[in-house]
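# Topology and contacts: notes
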Amino acid sequence: MPPPYPSVRRVPPNVAASWLRQSWPLRILRGFLGATFVYAGMQKLADPNFLHPGTPDFIGSQLQAFAQGSPIHAFLPPFGHLPALTGVGIALLEMAIGLATLLGIAPMLSAALGFAVNLVLFLSATWHVHPYFLGSDSMYAIGWAAYFAGLVEIERTVRAVPVQGSRRRRAALQDEGFGRREFLRGAVVGVGTIVLGGSASALAGTSTGNRTALPRPAPSAQPGSSPKPASSTPIVHGTPIATLDNVPVGGAVGFNDPADGTPSVLVRLSDTRVAAFSRVCTHAGCLVQYDQSSRILVCPCHGAEFDPSRQAEPIAGPAPTALHPVPVAVDPATGKVVATD
Ligand code: FES
């Protein structure tokens, strides 16, 4: 059956009209989601640590942590190999989606992309947040879905009005293909994204570098610099991750778990005791840091604290469970700490 009305391309409304024709619930959603996405992208580029390896906020470390236990972990490693490109790409995409949403440019596509971004973040960055409503990405994904549904409703309403019976409808519809106005609007989003991204990068301060990062294990001591064990034949088998001499009592070093590459931390609890744990926070997957003055592991994201002398049980903050242990042992023959898995 032929459609009741001619098939024509609608000229998109200008910015003011795109706001005026929406109901208040949609305007609120649109303003909040659009502004938040612009801010989120700028905030990433303004963070001097975001693209700086060895810092807690480094996008590469975040991607590595997000992959742990994520239902989409198989898709994340390729992005982890190109962390800078991925980080900049995510930030620019967020800003472009936010700008397009605020300006009413390709609104349905922008809403769909916003939903996709937050769905991916929900399945990776905040997948471990418990209970789920403490994680923000699921809420944003639902917000985008609700906004998209509202846009579909408007579209259906506009299309239901007969062309011949409405001057406003006739004015709103023209068969002009991909027009000059659509091209200009796309250019506005592109230029706006680049300008905002460049401004945010220019505002970024100096990276905190390794000041807050855990030190990596030092190379083995040079001959003669410390007492040697009686025998150098290993009697504990595993992958060496540090030398006991290089970790003071109460100190810690970072390493990657040889079993799966997870960022981990080795803590020397006493002369003879060491313990190692995954640095992936059990709340939402940020990487914990070691606070040598209090001898606890602290999460920079929401303040969870873990006690390494008690199997890294949570002692403060929102983390529901202890950090994942990494089995380690000290080889008395070599003085090396080895991961025994
Ligand atoms: S990620 Fe929330 S406290 Fe660690």
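Residues numbered from 1 in each chain as written. Predicted model: local features only at pLDDT ≥ 70, side-chain atom pairs only at ≥ 80, totals over all residues. Heavy atoms only, no water.

### Considerations on the overall build of the chain
Secondary structure summary: the chain contains 9 helices and 10 strands in total. Counting over 341 residues, the chain shows a buried share of 41%. Taking the intrachain contacts of the chain between residues at least 6 apart in sequence as the baseline, contacts between residues at least 24 apart amount to 62%. With an accessible surface of roughly 18,000 Å², the chain has 64% of that area assigned to carbon and sulfur atoms. (Helix = DSSP H or I, 4+ residues; strand = E, 2+ residues; numbered from the N terminus. Buried < 20%, exposed > 50% of the residue type's maximum accessible area, 1.4 Å probe, protein only. Contact = heavy atoms within 4.5 Å. Areas by Shrake-Rupley, 256 points an atom, 1.4 Å probe, with all protein chains shown as cover.)

### Quick word on helix H5 (residues 83-103)
When the terminal C-alpha atoms of H5 are compared, their 30 Å separation across 21 residues agrees well with the 30 Å that a helix rising 1.5 Å per residue should span. When H5 is considered as a whole, its buried residues turn out to be Pro83, Thr86, Gly87, Ala91, Glu94, Met95, Ile97, Gly98, Leu99, Ala100 and Thr101. Positive phi appears at glycine 104, one or two residues downstream of H5, with a value of about 70 degrees. (Expected span 1.5 Å × (residues − 1).)

### Focus: unusual backbone geometry
Peptide bonds are trans in most cases, and residues, glycine excluded, mostly fall at negative phi. You will see that glutamine 311, though not glycine, has its phi angle at about 55 degrees, which is positive. Residue placement: glutamine 311 occurs in the loop between strand S7 (305-307) and strand S8 (313-316). The class of glutamine 311 is exposed, set by a relative accessible area of 58%. Positive phi is not limited to glycine here, since alanine 312 has a value of about 55 degrees. Structurally, alanine 312 is set in the loop between S7 and S8.

### A closer look at the sheet that holds strand S1 (residues 239-243)
Strands sit in the order S1-S10-S9 across an open sheet of 3 strands; the sheet is antiparallel. Edge positions in the sheet fall to S1 and strand S9 (328-331), since each has one partner strand and no second. Taken over all neighbouring pairs, the strand axes of this sheet differ in orientation by 35 degrees on average, direction set aside. Relative to strand S10 (residues 336-339), S9 is paired through 4 bridges, and the arrangement is antiparallel. Paired with aspartate 331 across the bridge in S10 is lysine 336. (Pairing = 2+ DSSP bridges. Axes fitted to C-alpha atoms, helices over the stretch in contact; angles between N-to-C directions.)

### Observations regarding the pattern of salt bridges
One pass over the full model with this rule turns up 3 salt bridges. Residue aspartate 307 pairs with arginine 310 through a salt bridge whose shortest N-O separation is 3.2 Å. Residue arginine 310 is classed as partly exposed on the basis of its relative accessible area of 44%. (Salt bridge = Lys/Arg side-chain N within 4 Å of Asp/Glu carboxyl O.)

### Here we look at the environment of threonine 193
Inspection of the secondary structure puts threonine 193 in helix H9 (residues 180-203). Using a relative accessible area of 5% as the deciding quantity, one classes threonine 193 as buried. Along the chain, threonine 193 and methionine 42 lie 151 residues apart, while their C-alpha atoms are 9.4 Å from each other. Setting aside its immediate chain neighbours within four residues, threonine 193 contacts Leu92, Met95, Ala96 and Leu99.

### So, helix H6 (residues 107-123)
Along its 17 residues, H6 runs 24 Å from first to last C-alpha, staying within 8% of the 24 Å computed at 1.5 Å per residue. Every buried residue of H6 is accounted for by Ser110, Ala111, Gly114, Val117 and Asn118. End-on view of H6: buried residues confined to an arc of 125 degrees, all on one side of the axis. Buried residues belonging to H6 abut helix H2 (24-46), H5 and helix H7 (136-159). (Arc of directions from axis to C-beta.)

### Observations concerning the packing of aromatic side chains
Taken as a whole, this structure holds 3 aromatic pairs when the rule is applied. Here the aromatic rings of phenylalanine 32 and tyrosine 140 are separated by 5.9 Å at their centres, their planes lie at 5 degrees, and the arrangement is stacked. Taken together, the residues phenylalanine 32 in helix H2 and tyrosine 140 in helix H7 connect sequence positions 108 residues apart. Phenylalanine 32 gets classed as partly exposed once you look at its relative accessible area, which sits at 47%. Among the aromatic residues, those joined into a ring-pair cluster are Phe37, Trp144 and Tyr147. Taking NZ or CZ as reference, arginine 27 lies 4.6 Å from the ring centre of tryptophan 24, over its face. One Lys or Arg, arginine 30, reaches over the ring of tryptophan 19 and ends 3.9 Å from the middle of that ring. (Phe/Tyr/Trp six-rings, centres within 6.5 Å; stacked < 30°, edge-to-face > 60°. Lys NZ or Arg CZ within 6 Å of the ring centre and 35° of its normal.)

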